[in-house]
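# Secondary and tertiary structure notes
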Amino acid sequence: MIGNDIVTFTKQRSKERQRKYQDRILTKEEQLLFKNFDNKVKIGLAWSIKEAIYKYFARAQDLLFIPKNWNIVELFSVSSTKNVNDFNGKFVKQGFENLSHFATRIQSSNRQIFGKTLIFENFIYTVVTDERSKLDKIYWGVLEIDSVLYRDQSKAVRCFAKEQFSNIFSVANIQTLQFRSDEKSVPNLYLNNIQLNCFFSFSHHTHFVAYAWI
Amino acid sequence: MKDEKLFEKVKELLASNIDDESLIQNMELDSSLTKDLDINSAYIIDVVLDFEEAFGIEISDDMVTKMETVEDIMNILKSLKVTV
């Protein structure tokens, strides 16, 4: 399974609001892990990790989103010569090799989840899955779009993913590939009306949409 | 009447997290916070904090998970005996 999330830095919050926000989503132990980040990054980073974990679990089970139920127990920087700030509207990748990022480990009951987070100039992007080694096999992409409306974001992320998935699956006719949402609003991928057994996750925030696939 | 006043107050408080004026104008009781009002999930905590600060209440995590529509917010506020 897989989860992803994208968070942009558009919301202005007072210091008091930032403190209340982080108290709401991070445990005391987690706040120590995040203490060296400035407040703006801290909130975006924490939220993107927690929301990505929620998406990871929500695909398989009905789940309530209570951020403090998943504990971020490890968060460290992995440096590279490649700077991710050179985002020019579209990013399509497999894995995170040669990209500076933050690696994370999350504990949830008896499960461990691993994630990688990239901090761009305008947004933060996180992908999580169940094995650290799988993270470098994940196909992911981020696209900047004109609209900020939910319906446009939703449409755009599906078009963007369909384009990329058709390359991954070597599908000649892109129209044969479709996303259909189930009763829980979880999207599934179909090829020639047959559901494919694959794991992917969509996310969007303001002008950015993203997918991750494994 | 009581509910109308509460609805107007909820609408006013939600408005600060909604960019599109027409979405605010067309807000209904059954409007979904994310799908109809375009409030990103990352801002739901801001919505919760706005209501806590405006009414001097505490909204539990369990209540937050039930906040999908405008009506859900109204029901939470009523259960907390909020008066407008």
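Residues numbered from 1 in each chain as written. Chains lettered and ligands numbered in written order. Predicted model: local features only at pLDDT ≥ 70, side-chain atom pairs only at ≥ 80, totals over all residues. Heavy atoms only, no water.

### Describing the overall build of chain A
A count of helical and extended segments in chain A gives 4 helices and 12 strands. Here the C-alpha coordinates of chain A stretch approximately 50 × 40 × 35 Å along the principal axes. When burial is assessed residue by residue, chain A has 53% of its 214 residues classed as buried. Considering only intrachain contacts with a sequence separation of at least 6, the fraction spanning at least 24 residues in chain A is 62%. With an accessible surface of roughly 10300 Å², chain A has 46% of that area assigned to carbon and sulfur atoms. (Helix = DSSP H or I, 4+ residues; strand = E, 2+ residues; numbered from the N terminus. Buried < 20%, exposed > 50% of the residue type's maximum accessible area, 1.4 Å probe, protein only. Contact = heavy atoms within 4.5 Å. Areas by Shrake-Rupley, 256 points an atom, 1.4 Å probe, with all protein chains shown as cover.)

### Considering the environment of serine 48 of chain A
All names here are of chain A. Along the polypeptide, serine 48 turns up in helix H3 (residues 39-58). For the pair serine 48 and asparagine 122, spaced 74 residues apart in the sequence, the C-alpha separation amounts to 14 Å. Residues in contact with serine 48, not counting those within four places in the same chain, are Asp5, Val7, Thr117, Ile124 and Thr126.

### Quick notes on the sheet that holds strand S8 (residues 177-181) of chain A
Remark on secondary structure: sheet strands pair via backbone hydrogen bonds, oriented parallel or antiparallel. Residue and element names in this part refer to chain A. Strand order in the open sheet formed by 3 strands is S8-S9-S10, with antiparallel pairing between adjacent strands. The sheet is open, and its two borders are formed by S8 and strand S10 (194-195), each paired with just one other strand. Note that strand S9 (residues 187-191) and S10 share 2 bridges and pair antiparallel. Residue pairing in the sheet places leucine 191 in a bridge with isoleucine 194 of S10. Sheet contacts for helix H4 (residues 150-168): S8 and S9; angle to S8, the most-contacted strand, approximately 135°. (Pairing = 2+ DSSP bridges. Axes fitted to C-alpha atoms, helices over the stretch in contact; angles between N-to-C directions.)

### Brief notes about the domain arrangement of chain A
One widely used convention gives an interface's size as the accessible area the parts lose upon coming together. All names here are of chain A. Per the domain assignment, the segments making up chain A are domain 1 (2-143) and domain 2 (144-213). Here the C-alpha centre of domain 2 lies 21 Å away from the C-alpha centre of domain 1. Taken together, the 29 residues of domain 1 in the interface contact 25 residues of domain 2. Taking both sides of the interface into account, the surface hidden between domain 1 and domain 2 amounts to around 2100 Å²; carbon and sulfur atoms contribute 57%. Summed over the shared surface of domain 1 and domain 2, the result is 1 salt bridge. Glutamate 163 is the salt-bridge partner of lysine 90, the closest N and O atoms lying 3.6 Å from each other. The interface formed by domain 1 and domain 2 contains 11 residue pairs in polar contact (both at pLDDT 80 or more). When residues of the side of domain 1 that touches domain 2 are traced back to their parent elements, those giving at least two are strand S1 (2-8), H3, strand S3 (90-94), strand S6 (123-129) and strand S7 (139-144). (Domains from an automatic or database assignment. Buried area = accessible area lost by both parts, 1.4 Å probe. Salt bridge = Lys/Arg side-chain N within 4 Å of Asp/Glu carboxyl O. Polar contact = N/O pair within 3.5 Å; in protein donor to acceptor, adjacent residues only side chain to side chain.)

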